[in-house]
Amino acid sequence: MYSYVPFLVMIIAAGVVAVAGLLMSAILGPKRYNRVKVSNYECGLEPTPNAGQEGRFPIKYFLTAMTFIIFDIEVVFLYPWAVSAGQLGLAGVITIASFVFLITVPFVYEWRRGGLEWE
């Protein structure tokens, strides 16, 4: 039971920091809202018509975000595997091969949707 105490302390500390940050931003944050501050932001471009209510963002913004997430996750998981590849044996090779296959699926989806074509 005592081995879980540091883990519980970290969970409580993380919760306190998260709630304190939200409360402090709500209390100390600026409260002067205007039309520009509450409008949607689309990577520096002018918002599309009716972007606040029924408008839609262009898909290229989401595909750019998906590219970052895919490559970020891939690097986070592949780097430790590459460091300890010699110690993992066949089970490690099979596991990482399945991971690479599963991470290839969203990559191919994004490629076919045109997310890697820069204009």
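What you see is a predicted model, and the numbers here were worked out from it, not measured in a lab. (Residues numbered from 1 in each chain as written. Predicted model: local features only at pLDDT ≥ 70, side-chain atom pairs only at ≥ 80, totals over all residues. Heavy atoms only, no water.)

Asker: How do you make sense of the packing of helix H3 (residues 59-83) against helix H4 (residues 85-113) when you look at a structure like this?
Answerer: The relative placement of two packed helices is expressed as an angle between their axes plus a distance between the axes. Here H3 crosses H4 at 170 degrees, and the two axes come no closer than 10 Å. On the basis of their axis angle, the class for H3 and H4 is roughly antiparallel. Of the residues contributing to the contact of H3 with H4, the split by class is 20 nonpolar, three polar and three charged. (Axes fitted to C-alpha atoms, helices over the stretch in contact; angles between N-to-C directions. Helix = DSSP H or I, 4+ residues; strand = E, 2+ residues; numbered from the N terminus. Parallel < 35°, antiparallel > 145°, perpendicular 65-115°, else oblique. Nonpolar A, V, L, I, M, F, W, Y, C, P; charged D, E, K, R; others polar.)

Asker: Help me understand H4 in this model?
Answerer: For H4, which comprises 29 residues, the first-to-last C-alpha distance of 34 Å sits more than 12% below the rise-based estimate of 42 Å (1.5 Å per residue). Ala 91 marks where H4 bends most, by close to 80 degrees. Residues of H4 that are buried sit in contact with H3. A positive phi of about 95 degrees marks Gly 114, the residue just after H4. (Expected span 1.5 Å × (residues − 1). Bend = angle between axes of the 7 residues up to and from the residue. Contact = heavy atoms within 4.5 Å.)

Asker: What is the right way to read the packing of aromatic side chains from this model?
Answerer: Where two aromatic rings form a pair, the distance of their centres and the angle of their planes describe that pair. Going through the model one piece at a time under the given rule, you end up with three aromatic pairs. Between Phe 107 and Trp 111, the ring centres sit 6.0 Å apart and the planes meet at 50 degrees, which makes this aromatic pair tilted. With Phe 107 and Trp 111 both in helix H4 and four residues apart, the pair spans about one turn of that helix. (Phe/Tyr/Trp six-rings, centres within 6.5 Å; stacked < 30°, edge-to-face > 60°.)

Asker: Whenever I open this one, the side chain of Thr 67 confuses me. Can you help?
Answerer: As for its position among the elements, Thr 67 is in helix H3. Judged by relative accessible area, Thr 67 falls into the buried class, the value being 13%. With sequence-adjacent residues up to four places away left out, Thr 67 is seen in contact with Glu 110 and Leu 116. (Buried < 20%, exposed > 50% of the residue type's maximum accessible area, 1.4 Å probe, protein only.)

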